[in-house]
Amino acid sequence: DDISTTIVAQVFTLPILIHSFGVYSLWSILVNALVLWTVPILMLIGGIASVLIFISSFFSIFLYLALPFLIYFERIVGLFGNLDGQLDLSLLPWQYLISYYLILFAFLLRLKKII
């Protein structure tokens with residue numbers, strides 16, 4: 001389920017990623033699948049801690065519960081970030097990025113018509 005979520009998210013945000021960063025990592029789908037499960041946990045811990053901190057700054061100690069998940073996240077991203085496998089797409093014209101979305105939109109319209 002995490003891999004399908006990652007693939008769909010990357011398909012729809014690929015032009016934005018390329019335009020913003022100029023590079024695309026071939027490892028990104030695998031890395032996202034490996035760390036995606038930590039995001040809801042980190043959001044829950046952060047959300048609860050931020051509400052409790054309004055009561056007393058003592059509750060900031062709850063943020064330490066997020067530390068193992070943050071370390072895991074950072075190590076996985078760091079490990080794959082040091083590997084080769086990046087495509088430099090910084091010179092890709094913006095017209096290609098717009099065309100990508102138009103083709104994707106046409107595909108979705110066609111898929112909806114079939115179903």
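This report concerns the structure included in the present document. Everything numeric here is computed off the predicted structure, so don't read it as measured data. By convention here, each chain's residues receive numbers from 1 onward along its written sequence. Only residues with pLDDT of 70 or above have their local features reported here, since the model is predicted, and side-chain atom pairs are shown and tallied only from 80 upward, although totals for entire chains, interfaces and linings are computed over all residues. Side-chain measures were taken over the full set of non-hydrogen atoms in the model, leaving aside hydrogen atoms and water.

Put simply, DSSP H or I for four residues or longer makes a helix, DSSP E for two residues or longer makes a strand, and each gets a number counted from the N terminus. For the chain, the count of helices and strands is five helices and two strands. Scanning the chain from its N terminus toward the C terminus, one meets helices and strands in the order α-β-α-α-α-β-α. Based on the C-alpha atoms only, the size of the chain along its principal axes is roughly 55 × 40 × 25 Å. Taking all 115 residues of the chain together, the buried fraction comes to 17%. Put simply, of all contacts in the chain between residues at least 6 apart along the chain, 76% involve residues at least 24 apart. Using a 1.4 Å probe, the Shrake-Rupley method yields the accessible areas, and only the shown protein chains count as cover for residues. Here the chain displays about 8800 Å² of accessible surface, and carbon together with sulfur accounts for 75% of that area. As used throughout, the charge tally considers Lys and Arg to be positive and Asp and Glu to be negative, leaving His and the chain termini uncounted. We put the charge of a Lys on NZ, of an Arg on CZ, of an Asp on CG and of a Glu on CD. Computing the positive centroid from 4 side-chain charges and the negative centroid from 5, the chain places the two 22 Å apart. Per-residue accessibility, obtained with a 1.4 Å probe over protein chains only, is compared with the maximum for each type, and a residue is labelled buried under 20%, exposed over 50%, and partly exposed between these values. Contacts: residue pairs with any heavy atoms within 4.5 Å of one another.

Moving on: the environment of Phe12. Here Phe12 shows up in helix α1 (residues 2-21). Relative accessible area serves as the criterion here: at 36%, Phe12 is assigned to the partly exposed category. Along the backbone, Phe12 and Tyr101 are 89 residues apart, and their C-alpha atoms lie at a distance of 8.0 Å. Those residues in contact with Phe12, other than ones at most four positions away along the chain, are Tyr101, Leu104 and Leu108.

Here the focus is the environment of Phe62. On the secondary structure map, Phe62 appears in the loop between α3 (38-55) and α4 (67-81). C-alpha separation for the pair Phe62 and Ala49, spaced 13 residues apart in sequence, amounts to 5.9 Å. Ignoring sequence-local partners within four residues, the contact set of Phe62 consists of Ile45, Ala49 and Leu52.

Next up on the list: helix α2 (residues 28-35). Since there are 3.6 residues in each turn of an α-helix, residues three or four apart along the chain are aligned in direction. Here α2 has its buried residues at Ser28, Val31, Ala33 and Val35. In this fold, the buried residues of α2 make contact with α1, β1 (23-25), α3 and α4.

What follows is about the packing of α1 against α2. Interaxial angle, 0 to 180 degrees, is taken between N-to-C directions of lines fitted to C-alpha atoms, where a helix line uses only the stretch in contact. It is at 9 Å that the axes of α1 and α2 come closest, and there the two elements cross at 130 degrees. By the criterion of interaxial angle, the relationship of α1 to α2 is oblique. Crossing angle aside, the handedness with which α1 passes α2 is right-handed. For the pair α1 and α2, contact is made by Asp2, Ile3, Thr6, Ile7 and Gln10 and by Ser28, Ile29, Asn32 and Ala33, respectively. Three categories are distinguished: nonpolar for Ala, Val, Leu, Ile, Met, Phe, Trp, Tyr, Cys and Pro, charged for Asp, Glu, Lys and Arg, and polar for the others, with Gly belonging to the last. Among the residues forming the contact of α1 with α2, the class breakdown is four nonpolar, four polar and one charged. Any angle between 65 and 115 degrees counts as roughly perpendicular, while under 35 counts as roughly parallel, over 145 as roughly antiparallel, and the rest as oblique. It is the rotation of the near helix from the far one that decides the hand of a crossing: anticlockwise by less than a right angle makes it left-handed, clockwise makes it right-handed.

This part is about the side chain of Thr38. Mapping Thr38 onto the fold places it in helix α3. Excluding anything up to four places from it in sequence, Thr38 contacts Phe69, Tyr72 and Phe73.

Ring geometry is summarised as follows: Phe, Tyr and Trp rings, the Trp one being its six-membered ring, pair when their centres sit within 6.5 Å, and such pairs are stacked at plane angles under 30 degrees, edge-to-face over 60 and tilted between the two. Tallying each qualifying case throughout the model produces six aromatic pairs. A centroid spacing of 5.5 Å and a plane angle of 50 degrees characterise the contact between Trp27 and Phe80, whose relative ring orientation is tilted. Of this pair, Trp27 sits in the loop between β1 and α2 while Phe80 sits in helix α4, and the two are 53 residues apart along the sequence. The exposure class of Phe80 is buried, given its relative accessible area of 14%. Here Phe59 and Phe62 contribute two aromatic rings whose centre-to-centre distance is 5.9 Å and whose plane-to-plane angle is 15 degrees, an arrangement assigned as stacked. When its relative accessible area of 22% is taken as the criterion, Phe59 is described as partly exposed. Chaining the aromatic ring pairs together yields one cluster made of Trp37, Phe69 and Tyr72.

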